[in-house]
Number of protein chains: 2
Amino acid sequence: MNNTAPKDYESLRAAMSERYDTLSKRLRQIAKFAWDNPTIMAMETTSVIAERAGVQPSALIRFAKAFGYSGFSEMQRPFQAHVASRSASYKERFREVADTDGAPDSPMGLLREFSEANQQALQHLLEETESTELDRAVSLLRDAEFAYIMGQRRSFPVASYIYYNLNHLECRAQLLTGMGGMLMEHANSMGPRDVLIAISFSPYSDDTARVVAAARKKKVPVVVITDSSLNAIARQATVFFDVHDAEVFSFRSLSASMCLAQALTTALATSRGAGKGRGGKTARSK
Amino acid sequence: MNNTAPKDYESLRAAMSERYDTLSKRLRQIAKFAWDNPTIMAMETTSVIAERAGVQPSALIRFAKAFGYSGFSEMQRPFQAHVASRSASYKERFREVADTDGAPDSPMGLLREFSEANQQALQHLLEETESTELDRAVSLLRDAEFAYIMGQRRSFPVASYIYYNLNHLECRAQLLTGMGGMLMEHANSMGPRDVLIAISFSPYSDDTARVVAAARKKKVPVVVITDSSLNAIARQATVFFDVHDAEVFSFRSLSASMCLAQALTTALATSRGAGKGRGGKTARSK
DNA sequence: TCTGATATGGAATAAATATACCATCCTATT
DNA sequence: AATAGGATGGTATATTTATTCCATATCAGA
């Protein structure tokens, strides 16, 4: 047995999600329960947890060993540490960080600014995103034969991330980069059974606008991720997301956009998985 | 013995405070400890608590009985409930949102998972990043004549984001894409007055490893952003950042990495601004 | 200083909890 | 359909944990 047991809760969570696909039915059931109920995992005994999760106590031991722990008790420690830290007052946590860093202008100070601003942006994203829009976007993507992705300048990292994810989902996808001056030629190969994902933030790229217009002309559905509902691109969208990324000293972040991109692609994965009868939270690895 | 055992944590706390004066020396010692360490009281076993509090395990049982409980375990329950609720209260905001939308498997449910996980990852980033490493990275970047950026696959969005930011800071920067098969030719143009920023996450790209090796050979300082301190690339780094991005069911996010990238480039901007006498929080727009 | 009463430490015991084991049941492959 | 390999449930066992008990220490009052 390798000594690869995750030492802290975050690692354990990562390990659970990474290995989720390869786990057996019962072990998966436990992973799901542990994922949703860290507090119960931290506090209760094997028999209580087993009953709540609808499994045998021995399955919990098997689960712990599958993740490299010597037994259940050892696996329980990360959960306890996590719950304990969650329970610690905000003040305490703030102090931990505040101790080690300096002025607001220092690199560490900036990191804190960004970390906090991005956390807020992520929370806003969650609160302001319409569930129906997400559903519509996912079904558009699922039904599409080919996905085109367009994003320039600051939107390019988001576009390339979506491109990466879709390719790992075995979705046929193409990134419209404009490389070699073939942008519109590429764009014109879109058809009504395809879909275009366009990401555009201020200052809006003319190229992106042109590609979206071309898509509309050819009856290609367009999923738009942008930062304002008023710009020309947003008005042409089939589905559109109004994302407000954090901004610190004129530097705009991409955390919220990236998070949305991640949620969209993962939802597509589960949706397709379910459609294929693979069910549940199954998601392709890597 | 009256059945006056406090049922919830608040009542127990009130009882402890009220009876504090009348308790014996050892029991007082326990009350003090329990007052200060509800988390330990909730999670640990009698022997651990006893050791930490500097008393005998049996004294804990006596303490519990003094407050009307049938034994230690019964007294422990209010502590556990309290810690659990404290831990849950942080998540309460998400539950509010959860009311209005569907199952954990739904697109909205996934967005919530990711938003939450990414917020945690950002907090983690803030707590784990060494201020000195940030400072060193910033000064390397500031002193460099030319910045090369390398990131493949999942790291590519991060690399392109850094590339975008550096260009907007009027830093001479080049993205090593490997396009046209000229990767090593490009890499070999690096010199000791330049700097290489390499981003690499599991599964690690061979190309990135080769570029880093080439940089070391040519005495080029290397700033590495990776997800493990154990891989070959990290070991060759001049400065390295160990970033743990959120991962939900096999889908790794980039929020933390992007945030670090943002902090690095912004810190560079303010640093150069200050150096040029532009002072303070000034940062270039766009 | 003596005496009775209470508090305390530590070992012994009881209870519970975690873990190992094995027979049986799936599931995939031929 | 047969079979092998792994997964699962239930129980037996080992280990840990909570609790009791009692000898000794401490303390207050005479």
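Residues numbered from 1 in each chain as written. Chains lettered and ligands numbered in written order. Predicted model: local features only at pLDDT ≥ 70, side-chain atom pairs only at ≥ 80, totals over all residues. Heavy atoms only, no water.

In the annotation of an unreviewed UniProt entry, the entry for chain A reads MurR/RpiR family transcriptional regulator, and the organism field reads Parahaliea mediterranea.

Participant: Would you take a moment to explain the overall build of chain A for this structure?
Facilitator: Looking only at helices and strands, one finds 14 helices and 7 strands in chain A. Burial statistics for chain A: of 286 residues in total, 54% are counted as buried. Sequence-distant contacts in chain A: of pairs separated by 6 or more residues, those separated by 24 or more amount to 66%. (Helix = DSSP H or I, 4+ residues; strand = E, 2+ residues; numbered from the N terminus. Buried < 20%, exposed > 50% of the residue type's maximum accessible area, 1.4 Å probe, protein only. Contact = heavy atoms within 4.5 Å.)

Participant: Looking at this structure, how should I read the packing of aromatic side chains?
Facilitator: Think of a pair of aromatic rings as described by two things: how far the centres are apart, and how the planes are tilted against each other in angle. Inspection of every chain in the model, using the stated rule, returns 7 aromatic pairs over all chains. Ring geometry for B:Tyr9 versus B:Phe79: centroids 5.6 Å apart, planes at 65°, classification edge-to-face. A residue pair is termed long-range when its members are at least 10 positions apart, and B:Tyr9 in helix H1 (residues 9-19) and B:Phe79 in helix H6 (residues 72-89) qualify at 70 residues. Of the two residues, B:Tyr9 and B:Phe79, neither departs from the other in class, the shared state being buried. In this arrangement the basic side chain of A:Arg13 is found over the ring face of A:Trp35, its NZ or CZ atom lying 3.7 Å from the centre. The lysine or arginine in question, B:Arg28, covers the ring of B:Tyr20, its NZ or CZ lying 5.7 Å from the ring centre. (Phe/Tyr/Trp six-rings, centres within 6.5 Å; stacked < 30°, edge-to-face > 60°. Lys NZ or Arg CZ within 6 Å of the ring centre and 35° of its normal.)

Participant: What should I look at first to understand the side chain of A:Ser200 in this one?
Facilitator: Residue and element names in this part refer to chain A. Mapped onto the secondary structure, serine 200 falls in strand E3 (residues 195-200). Relative accessible area serves as the criterion here: at 2%, serine 200 is assigned to the buried category. Leaving out residues up to four positions away in the same chain, serine 200 has contacts with Ser155, Ser205, Thr208, Ile225, Thr226, Asp227 and Ile233.

Participant: Hey, could you run me through the sheet that holds strand E5 (residues 239-242) of chain B in this one?
Facilitator: Residue and element names in this part refer to chain B. On the basis of which strands lie adjacent, the open sheet formed by 5 strands has the order E2-E1-E3-E4-E5 and parallel pairing. In this open sheet, the two strands that pair with only one neighbour each are strand E2 (173-176) and E5. With strand direction ignored, the average angle separating the axes of adjacent strands in the sheet is 15°. Pairing analysis gives 4 bridges linking strand E1 (residues 147-151) to E2, with the strands arranged parallel. Bridging from a neighbouring strand, methionine 150 pairs with leucine 176 of E2. Contacts between helix H12 (residues 206-217) and the sheet are confined to E1, E2, strand E3 (195-200) and strand E4 (222-226), with E3 contributing the most and set at about 155° to the helix. (Pairing = 2+ DSSP bridges. Axes fitted to C-alpha atoms, helices over the stretch in contact; angles between N-to-C directions.)

Participant: I tried to follow the packing of helix H4 (residues 46-53) of chain A against helix H5 (residues 57-66) of chain A on my own but got confused; where do I start?
Facilitator: When two helices pack together, their arrangement is given by the angle between the helix axes and the distance between those axes. Residues and elements named next belong to chain A. Contact geometry for H4 and H5: axes closest at 8 Å, N-to-C directions at 100°. With respect to each other, H4 and H5 are oriented roughly perpendicular. Between H4 and H5, the contacting residues are Thr46, Ser47, Ile49 and Ala50 on the first element and Pro57, Leu60 and Ile61 on the second. For the contact of H4 with H5, the residue count by class is 5 nonpolar, 2 polar and no charged. (Parallel < 35°, antiparallel > 145°, perpendicular 65-115°, else oblique. Nonpolar A, V, L, I, M, F, W, Y, C, P; charged D, E, K, R; others polar.)

Participant: What is the right way to read unusual backbone geometry from this model?
Facilitator: Glycine aside, a negative phi is what most residues show, and trans is what most peptide bonds show. All names here are of chain B. The backbone phi angle of arginine 153 is positive, close to 55°, even though this residue is not glycine. Within the secondary structure layout, arginine 153 lies in the loop between E1 and helix H10 (156-168). In the Ramachandran plot, lysine 219 falls in the positive-phi region, its phi being about 60° despite a non-glycine side chain. Classification of lysine 219 as exposed rests on a relative accessible area of 65%.

Participant: Mind showing me how you'd approach the protein's contact with DNA strand C here?
Facilitator: Around DNA strand C, 15 residues are found, and the nearest of them are A:Thr46, A:Lys65, B:Ser24, B:Arg26 and B:Gln56. In DNA strand C, atoms within 4 Å of the protein come from the sugar-phosphate backbone in 69% of cases. Within the side chain of B:Ser58, an N or O atom sits 3.1 Å from a base oxygen of DNA strand C. B:Arg62 has a polar side-chain atom sitting 2.9 Å from a base oxygen of DNA strand C. (Near = heavy atom within 4 Å. Polar contact = N/O pair within 3.5 Å; in protein donor to acceptor, adjacent residues only side chain to side chain.)

Participant: Help me understand the nonpolar core in this model?
Facilitator: It is characteristic of soluble globular proteins that their nonpolar side chains tend to be buried jointly. Counting residues in each nonpolar core, the largest one holds 158 residues, and the members touching the most others are A:Leu166, A:Phe241, B:Leu166 and B:Phe241. In this view, B:Phe241 contacts B:Thr129, B:Glu133, B:Leu134, B:Ala137, B:Val223, B:Val224, B:Ile225, B:Thr226, B:Leu260 and B:Leu264; residues no more than four positions away in its chain are not counted. (Core = buried A, V, L, I, M, F, W, Y, C linked by side-chain atoms within 4.5 Å.)

Participant: Explanation requested: the protein's contact with DNA strand D in the structure shown.
Facilitator: A:Arg26, A:Gln56, B:Thr46, B:Lys65 and B:Phe72 are the nearest of the 15 residues found near DNA strand D. The sugar-phosphate backbone supplies 70% of the atoms of DNA strand D found within 4 Å of the protein. Residue A:Ser58 places a side-chain N or O atom 3.2 Å away from a base oxygen belonging to DNA strand D. In the environment of DNA strand D, a sugar or linking oxygen lies 3.5 Å from a nitrogen or oxygen atom belonging to the side chain of B:Ser73. Elements supplying a minimum of two residues to the surface near DNA strand D: helix H2 (25-36) and H5 of chain A together with helix H4 (46-53), helix H5 (57-66) and H6 of chain B. For the surface near DNA strand D, the leading source of residues is H5(B), giving 3 residues.

Participant: Explain the pairing of strand E1 (residues 147-151) of chain A to me, please; I cannot follow it from the model alone.
Facilitator: Looking along a regular strand, one sees side chains alternate from face to face of the sheet. Residue and element names in this part refer to chain A. Summarising burial for E1: 5 of the 5 residues are buried, a large majority. Both faces of E1 are covered, namely the face carrying Ala147, Ile149 and Gly151 and the face carrying Tyr148 and Met150. Crossover handedness for the path E1 to helix H10 (residues 156-168) to strand E2 (residues 173-176): right-handed. The sheet contact formed by E1 and E3 spans 5 bridges and is parallel. Looking at E3, one finds that glycine 151 is bridged to isoleucine 199. (Right-handed = clockwise from strand over helix to strand, strands pointing away.)

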